[in-house]
Amino acid sequence: MSLTPDSAMNAARVLTEALPYIQRFTGRTIVVKFGGNAMVDPTLHESFARDIVLMKLVGMNPVVVHGGGPQIGKLLEKLNIESEFVEGMRVTDSQTMDVVEMVLGGSVNKEIVSSISRNGGKAIGVSGKDGRLIRAKPMKVTRQTPGMDAAEIIDIGQVGEVSQIDREILDVILDSNFIPVIAPVGSDDEGNTFNINADLVAGKIAQVMQAEKLMLLTNVEGLLDATGSVLTGLSTEKVDELIADGTVHGGMLPKIGCALDAVKSGVASAHIVDGRVPHAVLLEIFTDEGMGTKITPRGED
Ligand SMILES: Nc1ncnc2c1ncn2[C@@H]1O[C@H](COP(=O)(O)OP(=O)(O)O)[C@@H](O)[C@H]1O
Ligand SMILES: CC(=O)N[C@@H](CCC(=O)OP(=O)(O)O)C(=O)O
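Treat the numbers as computed from the prediction; the structure is a model and nothing was measured. (Residues numbered from 1 in each chain as written. Chains lettered and ligands numbered in written order. Predicted model: local features only at pLDDT ≥ 70, side-chain atom pairs only at ≥ 80, totals over all residues.)

## Some details on the overall build of the protein chain
Of regular secondary structure, the protein chain possesses nine helices and 16 strands. A compact globule built from 301 residues should have a C-alpha radius of gyration of about 19 Å, and the protein chain, at 19 Å, falls within 12% of that. The buried share of the protein chain, reckoned over its 301 residues, is 43%. Look at the contacts in the protein chain between residues 6 or more apart in sequence, and 76% of them connect residues 24 or more apart. (Helix = DSSP H or I, 4+ residues; strand = E, 2+ residues; numbered from the N terminus. Rg over C-alpha atoms; globule rule 2.2 N^0.38 Å. Buried ≥ 20, exposed ≤ 12 C-beta atoms within 10 Å, placed from the backbone. Contact = placed C-beta atoms within 7 Å.)

In structure tokens:
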């Protein structure tokens, strides 16, 4: 079997288009958050692992942070433990925390490590507790009830926010040429364990590593405007406007929040990418068109 002239031209175009990006991003850190629906689809899981291996082979430093909300939900259901979300965060009592830690640090983390290995890469899975990578503190969630003066503080249990990232363990892993795969669980000095939203962890890691890119894979085409069209090439100012006028809401709020923080703190660009598209990571990095929504300080495409 050989290529037809048309498909040969197309393949050559794609390969040559990738060259400047390979040159530009060699040696750079790219933080990719893998989560949501993409993780439960075996085909997408495999294409994601191949993309990460290819990035590493051409000289980039991919750092994977994963979620696992659907997998946690499944096990909680099996165990007959009810789960509730407040402002996009899973209310986490100590019994739920045990399940979260078991699923994120156990099966989900190891599945990603092994699919990277199956595709020829070398990965090491860590939770935020390893090497004191993620220091956490309780997240405070407040709710303003109409007619009430003071906002009400809601107790969401062992949900954490990142207070500090200690990059030492990441440097050790990257210096040894392995791909780090990070589960979003953190701890504090007293040894308390915290369940942290994976987007928040990815954003903080990208900041601390001064990454070239933060890529948040999700289940929509990108950040959508009020008419449902994908917004590309957004500036941090434009994103602030979209939040203020309510175009961005729900689960997209924390995602956009940490993408903005990352870009304002020196990460060159943050991307909201459709994880339902096979090889979305490669398409974003290696093509002129890119994928989804790109956020930069000045909003260039
Ligand atoms: N302006 C917007 N553009 C795109 N998605 C939005 C927007 N506002 C709210 N959303 C919602 O945010 C969701 C993505 O967040 P979330 O469900 O937390 O994703 P994930 O599970 O991948 O972390 C989308 O499925 C969509 O319902
Ligand atoms: C506090 C909180 O809500 N933590 C999340 C952690 C996993 C996660 O973020 O998973 P996705 O990215 O797949 O949604 C949870 O318990 O579901």
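## Here we look at the sheet that holds strand E15 (residues 269-274)
The sheet built from eight strands is open, its strands ordered E5-E10-E2-E1-E13-E15-E16-E14 with mixed pairing. Pairing within the sheet leaves two strands with one partner each, and these edge strands are strand E5 (123-127) and strand E14 (234-235). Judged from the six bridges that link them, strand E13 (residues 213-218) and E15 form a sheet pairing that is parallel. From the neighbouring strand, Leu216 faces E15, where its bridge partner is Ile272. Together, strand E1 (29-34), strand E2 (61-66), E5 and strand E10 (179-183) form the strand contacts of helix H4 (residues 94-118), whose direction differs from that of E5 by roughly 165°. (Pairing = 2+ DSSP bridges. Axes fitted to C-alpha atoms, helices over the stretch in contact; angles between N-to-C directions.)

## Describing the packing of helix H7 (residues 236-244) against helix H8 (residues 252-264)
Look at H7 against H8: their axes get within 11 Å of each other, and the N-to-C directions meet at 155°. With respect to their mutual orientation, H7 and H8 come out roughly antiparallel. Where H7 crosses over H8, the handedness of that crossing is left-handed. Facing H7, whose interface residues are Thr236, Val239 and Ile243, H8 presents Ile256, Leu260, Val263 and Lys264. Here the contact of H7 with H8 is composed, by residue class, of five nonpolar, one polar and one charged. (Parallel < 35°, antiparallel > 145°, perpendicular 65-115°, else oblique. Left-handed = near helix turned anticlockwise from the far one by under 90°. Nonpolar A, V, L, I, M, F, W, Y, C, P; charged D, E, K, R; others polar.)

## Here we look at the site of ligand 2
Inspection of the region around ligand 2 gives 15 residues, with Gly35, Gly67, Gly69, Arg90 and Ala198 positioned closest. A class-by-class count of the residues in the shell around ligand 2 yields seven nonpolar, seven polar and one charged. (Near = placed C-beta within 6 Å.)

## Looking at the UniProt feature "binding site: substrate" (unreviewed entry) in the protein chain
As annotated by UniProt and renumbered to match this structure, "binding site: substrate" (unreviewed entry) occupies Gly68, Gly69, Arg90 and Asn195. The named residues occupy 128 residues along the chain; their greatest pairwise C-alpha distance, 11.8 Å, places them in one compact cluster. Counting through the fold element by element, Gly68 comes out in the loop between E2 and helix H3 (69-78). Excluding residues within four positions of it along the chain, Gly68 makes contact with Gly35, Met39, Val103, Leu104 and Val108. Once you skip the residues sitting within four places of it in the chain, Asn195 turns out to touch Arg90, Thr92, Met97, Val100, Gln158, Val159, Gly160 and Val185. (UniProt positions renumbered as here; feature names shortened; annotations may be inferred.)

## A short note on the nonpolar core
One finds Val31, Val64, Val201, Ile205, Leu214 and Ala259 to be the most contacted residues of the largest nonpolar core, which totals 81 residues. A per-element tally of this core places helix H6 (residues 198-209) first, with eight residues. (Core = buried A, V, L, I, M, F, W, Y, C linked by C-beta atoms within 7 Å.)

## Overview of H3
Inspection of H3 places Gly69, Gln71 and Ile72 among the buried residues, and these make up the whole buried set. Within H3, the buried residues cover an arc of 165° as seen down the axis, which keeps them to one side. Projecting away from the buried face of H3 at angles above 90 degrees are the exposed residues Glu77 and Lys78. Two residues or fewer past H3, Asn80 is found with a positive phi of approximately 60°. (Arc of directions from axis to C-beta.)

## Focus on H8
Along its 13 residues, H8 runs 18 Å from first to last C-alpha, staying within 8% of the 18 Å computed at 1.5 Å per residue. Of all the positions in H8, only Met252, Lys255, Ile256, Cys258, Ala259, Ala262 and Val263 are classed as buried. Along the axis of H8, the buried residues cluster in a sector spanning 165°; they form a single face. (Expected span 1.5 Å × (residues − 1).)

## Describing the environment of Lys294
If you trace the backbone, Lys294 turns up in strand E16 (residues 293-296). For the pair Lys294 and Asn61, spaced 233 residues apart in sequence, the C-alpha separation works out to 20 Å.

## Topic: unusual backbone geometry
Positive phi outside glycine occurs at Asn80, with the angle close to 60°. As for its placement among the helices and strands, Asn80 is situated in the loop between H3 and strand E3 (85-86). Note on Asn80: 6 C-beta atoms within 10 Å, which makes it exposed.

## Focus: the pairing of E2
Two faces make up the sheet, and in a regular strand the side chains alternate between them. Counting buried residues along E2, six of its six residues qualify, which places the element largely inside the surrounding structure. Covered by surrounding structure in E2 are Asn61, Val63 and Val65 together with Pro62, Val64 and His66, the residues of both alternating faces. As judged from the six bridges shared by E1 and E2, these two strands associate in the parallel manner. Each bridged residue has a counterpart across the sheet, and for Thr29 the counterpart in E2 is Asn61. Direction of pairing for E2 relative to E10: parallel, over a ladder of two bridges.

## A few points about the pairing of E15
Most of E15 sits out of view: six of its six residues are buried. Along E15, one buried face is formed by Ser269, His271 and Val273 and the opposite face, lined by Ala270, Ile272 and Asp274, is buried too. Of the strand pairs in this sheet, E15 and E16 are connected by three bridges, and their pairing is antiparallel. Note on E16: the bridge partner recorded for Ile272 is Thr293.

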